[in-house]
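# Coordinates in review
Below are the chains, spelled out letter by letter.
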Amino acid sequence: MKAIIVEQFGSTDNMKYVDVEIPSISSKQVLIRVMVTSVNFADVKARYGNKGQGKLPFIPGLEASGIIEQVGDEVTSFFVGQRVMAFPQNGSYAEYIIADENLTFAIPDNISFDVAGSCGIVSFLSYKLLADVAKLQDRDKVLIHSASGGVGTTAIQVARALGAKTIIGTVGNETKISVALEAGADHVLCYTNENFSQTVNELTDGKGVNIILDSIGGEITEQSMNCLSKYGRLVVFGNSSGKYGQLQTSELHSSCRSVLGFSLGTTRKEQPEVLKDTSLQVFRMLESGQITIKISEKLPLKDASLAHQLIESRNSTGKVLLYIVNS
C-alpha cells in the first residue's frame, strides 16, 4: 500500500510517499481501507519529534474514515463493508490502517467520509472538554482561547449546543476574528493587542466567565485566572506557546475555582471505552447541524507535505484533508 512516512524529525523534506506492507490485525482490531484522513497540528509537532511518536520512521496521522476490509476474530461490533471513522494504532496517512475495536466508530449514513475523517479530534475533544470535564451548565459563560482554530471553532459550536449563554473567543491575529465570529462566538478579542481578561470582565459585568478552555499556556493561562468567576473551571488541554502557566493555590481556595487538565491522547490510550458515548453525542450534533466542520483544503495523500506546510503557516482557516486513491 501507499503511505507517508517521516524518515527523520524536522522539515517536510523528511516526509516520503512510499510503498509499505499492509498491516496485520489482531483478534480485537479491524483493517480499514482509508477514504479520508485529516491533518492536525499535532501531526506537525510529531514530525518535529515533539509528540513522543516513538522510533523512526513512522506514519503520521491521528484519525481517518473509510470502509472495513477485515475484522478480527473477537470483534463483535463491526462487519466487513461498514463505513467507520477511527483513531488508528499506527498513523493514518496510508491507504490502509488498523484500529482497535473500541477506537472505531460507525458513521451514520448521512455523514460523509470527508466530515467523518476530519471531525474526530476536534469534535470528540471539544465535547469532552465542555460536557464532561468542565461540566457546562445551561446559561454558563465560556471563554475559548485560539477560537479560530479547528478545536476552537468546533468548541464554540459545541458550547452553544450545550446551552452556553455567552461565548467569548480569543485569537492571536486580528485577521482571524471573523472566523471565530462566523463559528458563533458572541465576542472575539485579540489577546496580543489587549488585556483580554479586563475586557472579558467588562463583558460579564465584572463577574468573569464560568469556563475557560486553554490550549495556549504560559502567560495566557496566568492572565485567564483574572477573569474566571467564582466556582469557575479553567481547563488546560495544551501549551501551544511552549510554556505552562504558573498558578498559585491561593487563587483557588476561597474563590472555589478549579483548574482541570485533559488530553484526548491519554484518554484514547487509558480510557478508550468512554469515547463510545462521546461519538454518539458528536454524531447527533453533526446530523442535526449543531456542529459543522469547515473544510478548507482537500489534497491527495502524496501531497501530505504541502498540507503540513499549509497548517504550519497558520494560514488555513478550516480542516485540511488528505484523500486516498487506491490503484
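Everything that follows concerns the structure shown earlier in this document.
Residues numbered from 1 in each chain as written. Predicted model: local features only at pLDDT ≥ 70, side-chain atom pairs only at ≥ 80, totals over all residues. Heavy atoms only, no water.

### Structural notes on the packing of aromatic side chains
To describe a pair of aromatic rings, one takes the distance between the centres and the angle between the planes. Let me state the cut-off plainly: Note on aromatic pairs: the rings of Phe, Tyr and Trp (six-membered ring only in Trp) are paired at centre separations within 6.5 Å, and the planes decide the class, stacked below 30 degrees, edge-to-face beyond 60, tilted for the rest. Helix numbering and strand numbering both begin at the N terminus, where a helix is a DSSP run of H or I of at least 4 residues and a strand a DSSP run of E of at least 2. Categorising residues by exposure relies on relative accessible area from a 1.4 Å probe, with only protein chains included: less than 20% of the type maximum marks a residue as buried, more than 50% marks it as exposed, and the intermediate range marks it as partly exposed. Any Lys NZ or Arg CZ found within 6 Å of a ring centre and within 35 degrees of that ring's normal is scored as a charge over the ring.
This structure, assessed with the given rule, holds four aromatic pairs. Here F9 and F58 contribute two aromatic rings whose centre-to-centre distance is 6.2 Å and whose plane-to-plane angle is 45°, an arrangement assigned as tilted. Taken together, the positions of F9 in the loop between β1 (2-6) and β2 (15-19) and F58 in the loop between α1 (41-47) and β4 (64-71) put the pair 49 residues apart, joining distant regions of the chain. Accessibility expressed as a relative area gives 36% for F9, which makes it partly exposed. You can call F58 buried: its relative accessible area is 7%. The interplanar angle of 75° and the centroid separation of 6.0 Å between the aromatic rings of F87 and F105 together place this pair among those described as edge-to-face. Placement of F87 in the loop between β5 (83-86) and β6 (96-100) and of F105 in strand β7 (residues 104-106) is noted, with a sequence separation of 18 residues between them. Accessibility classification places F87 together with F105 in one group, the buried group. A network of ring pairs unites the aromatic residues F87, F105 and F124 as a single cluster. If you follow R83 out to its NZ or CZ, it ends over the ring of F113, 4.6 Å from the centre.

### Here we look at the nonpolar core
As a reminder, the rule being used: Side-chain atoms within 4.5 Å are what join buried Ala, Val, Leu, Ile, Met, Phe, Trp, Tyr and Cys residues into a set we call a nonpolar core. Residues are treated as being in contact if the distance between any of their heavy atoms lies within 4.5 Å.
With 51 residues, the main nonpolar core has M85, F87, F124, L130, I156, L213 and L286 as its most contacted residues. Of all the secondary-structure elements, those providing two or more residues to this core are α2 (113-133), β8 (141-144), α3 (150-161), β9 (166-171), α4 (177-183), β11 (209-214) and α8 (275-288). Here this core gets eleven residues from one element, more than from any other, and that element is α2. Once you skip the residues sitting within four places of it in the chain, L286 turns out to touch I111, V115, C119, I291 and I293. Formed by 35 residues, the second largest nonpolar core is a distinct cluster that contains I5, M15, V44 and F58.

### Structural notes on α3
Test applied: Helix span is expected to be 1.5 Å times the residue number reduced by one.
In this model, α3 (twelve residues) spans 17 Å end to end at C-alpha, consistent with the 16 Å of a helix rising 1.5 Å per residue. Within α3, nine of the twelve residues are buried, leaving the element largely enclosed by the surrounding structure. Looking at α3, one finds that the buried residues are V151, G152, T153, T154, A155, I156, Q157, V158 and A159. Summarising the contacts, the buried residues of α3 are in contact with α2, β8, β9, α4, β11 and α8.

### Looking at the state of the cysteines
The line we're drawing: Pairs of cysteine sulfur atoms within 2.5 Å are what we label disulfides.
If you walk through the whole model with that rule in mind, you get zero disulfides. For the unlinked cysteine C190, the closest cysteine sulfur is that of C227, found at 15 Å. A residue is classified by how much of its surface remains accessible, and C190, at 3% relative accessible area, is buried.

### So, the pairing of strand β10 (residues 187-190)
Test applied: Two strands are counted as paired when DSSP detects at least two bridges linking them. With the strands pointing away from the viewer, any crossover whose connection runs clockwise from the first strand over the helix to the second is right-handed.
Pairing analysis gives four bridges linking β9 to β10, with the strands arranged parallel. Residue pairing for β10: T170 is matched across the bridge by L189. With α4 bridging β9 and the parallel β10, this β-α-β connection has right-handed handedness.

### Some points on the environment of T166
Among the secondary structure elements, T166 is positioned in strand β9. Residue classification places T166 among the buried residues on the basis of a relative accessible area of 14%. Once the C-alpha coordinates of T166 and H187 are considered, the two residues, 21 residues apart in sequence, prove to be 8.4 Å apart. If we skip the residues at most four places from it in the chain, T166 touches D140, K141, V142, D186 and H187.

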